[in-house]
Amino acid sequence: MNFEDYRGVWVFIEETDGKIAPVSLELLGAGRKLADKRGVKLGGVIIGENVTSLANEVFEYGADVVYVYDAPIFKDYRTESFMKALLDCCEKHKPEIILYGATSTGKDLASAVATDLPTGLTADTTELDVEEDTGLLLASRPAFGGNIMATILCKKYRPQMATVRPKVMKALTREPGRKGNLIEENLPLKEDDVRTKVLEIVRMATKKVKIDEADIIVAGGKGLGSSEGFQLCHELADTLGGAVGASRDVVEAGWIEHHHQVGQTGVTVTPKIYFAIGISGAIQHIVGMKNSGLIIAINKDPGAPIFESCHYGVVGDAFEIVPMLIDQFKVALSREEAQHARKV
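Here the residue numbering is sequential within each chain, running from 1 through the sequence in written order. This being a predicted model, a pLDDT of at least 70 is required before a residue's local features are given, and a value of 80 or more before pairs of side-chain atoms are given or counted; all residues contribute to the totals for chains, interfaces and linings. Side-chain calculation: all heavy atoms of the structure are included, whereas hydrogens and water are not.

A.B. asks: Where do I start with the pairing of strand 14 (residues 243-246) in this structure?
C.D. replies: Each regular strand shows side chains that alternate between the opposite faces of the sheet. Here strand 14 shows no split at all, with A243 and G245 on one side and V244 and A246 on the other all buried. For two strands to count as paired, DSSP must find a minimum of two bridges between them. Secondary structure elements are taken from DSSP: a helix is a run of H or I of four residues or more, a strand is a run of E of two residues or more, and numbering for both begins at the N terminus. Relative to strand 14, strand 13 (residues 216-220) runs parallel, the two sharing four bridges. In the strand pairing of strand 14, A219 is matched with G245. Considered for its hand, the β-α-β crossover made up of strand 13, helix 5 (residues 227-240) and strand 14 is right-handed. Exposed residues in this analysis have more than 50% of their type's maximum accessible area, buried residues have under 20%, and partly exposed residues fall in between, with area computed by a 1.4 Å probe over protein chains only. Crossovers are described as right-handed under a simple rule: with the strands pointing away from the observer, the path leading from the first strand over the helix to the second runs clockwise.

A.B. asks: Sorry if this is basic, but what is going on with unusual backbone geometry here?
C.D. replies: In most cases, non-glycine residues show a negative phi, while peptide bonds are predominantly trans. Cis rather than trans, the peptide bond between L117 and P118 has omega equal to -10 degrees. Mapping P118 onto the fold places it in the loop between helix 4 (104-116) and strand 7 (121-125). Cis geometry marks the peptide bond from R158 to P159, where omega comes out at 0 degrees. Turning to its location among the elements, P159 is positioned in the loop between strand 10 (148-152) and strand 11 (160-164). Backbone geometry places K167, a non-glycine residue, at a positive phi of 75 degrees.

A.B. asks: What is the right way to look at the pattern of salt bridges in this model?
C.D. replies: Opposite charge on two side chains permits pairing when their charged atoms draw close. A side-chain nitrogen of Lys or Arg and a carboxyl oxygen of Asp or Glu constitute a salt bridge if their distance falls within 4 Å. Counted according to the given criterion, the structure contains 14 salt bridges. Notably, a salt bridge pairs K37 with D129, separated by 2.9 Å at the nearest N-O pair. Taken together, the residues K37 in helix 1 (residues 22-38) and D129 in strand 8 (residues 127-130) connect sequence positions 92 residues apart. By relative accessible area, which is 32% here, D129 ends up partly exposed. For the salt bridge of R178 with D64, the shortest nitrogen-to-oxygen distance reads 3.2 Å.

A.B. asks: Please explain the packing of aromatic side chains as it appears in this structure.
C.D. replies: The description of an aromatic ring pair rests on the distance of the ring centres and on the angle between the ring planes. Whether two aromatic rings pair depends on their centres lying within 6.5 Å, for rings of Phe, Tyr and Trp, where Trp uses its six-membered ring; planes under 30 degrees apart make the pair stacked, over 60 edge-to-face, and the rest tilted. Throughout the structure, instances matching the rule amount to seven aromatic pairs. Judged by centre distance (4.9 Å) and plane angle (70 degrees), the rings of Y77 and F82 are edge-to-face. Judged by relative accessible area, F82 falls into the buried class, the value being 5%. Considering the side-chain rings of F275 and F329, the 6.5 Å spacing of their centres and the 85 degrees angle between planes classify their relative orientation as edge-to-face. Residue F275 is found in strand 15 (residues 273-277), and its partner F329 is found in helix 8 (residues 318-343); the two are separated by 54 residues along the sequence.

On their own, these measurements won't tell you what the molecule is for.
Structure representation (structure tokens):
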């Protein structure tokens, strides 16, 4: 394999119902940095039906070139059809790096493509970098239960590939009117060539809280002692109109359901305000909330690692501090409501 034949950083652009997934825009921001460091072009790959117009948005978020496979056979995601399109694109244009969102679609497609090429794949990456001279992708992720950060390399094969969790990277500011090179590809693929068929897509509503969309999150850890003690998080969250998050230990103890878990094996969040109450601050948890706008930690252990990752830290007993916060927030919110009522 001649590595000199492989140039460029690509992002698989995931779309649903004509809308680009936010994680794809985030990866364009990360890919832009890698491409600039290497002095190569940033590309986006779009596969679907009636998706060519999405290329303009991909250009405006940082791509230099967009490869589009637009045909009825790509209307719904199927591993086999999308894999064949991406493999065709790789064979023609030979990228050195491909990034995918760590969504159900991205992880499924990336693993299929990696197997067929074959090449390596780093899953659930939280940090990305590249060696300027060699082009070696440095894909880092927590390992051994979140106790260490491991940087995984793919030294012998190209392209190098990684899936990246949503909300870990940041999208660039959109640049309206930015243009690039649009390459429309054609793959002579027929329905008979694809073994799976989409019979029906059923979308079900859920009442589960989506903490990844919350502006305020109050997260609790084992430092709260019990499921009864954990109710402090619910009280503070209810007062502020926020969502409740939790560490892995809390979920495993059965104090709250898994969809509230923040961290490497849970959800990655980027709220405006993140309260970490009784959370020690293991790497596994930190990677899931480190990009929050404001992080406030409350822990009675002054040596807790969480204090190295917060903007404000309070050393003390949460059962004394949190009730005082709740009272003060209620007073402040009542005052604000009264002022608003007078203006109306």
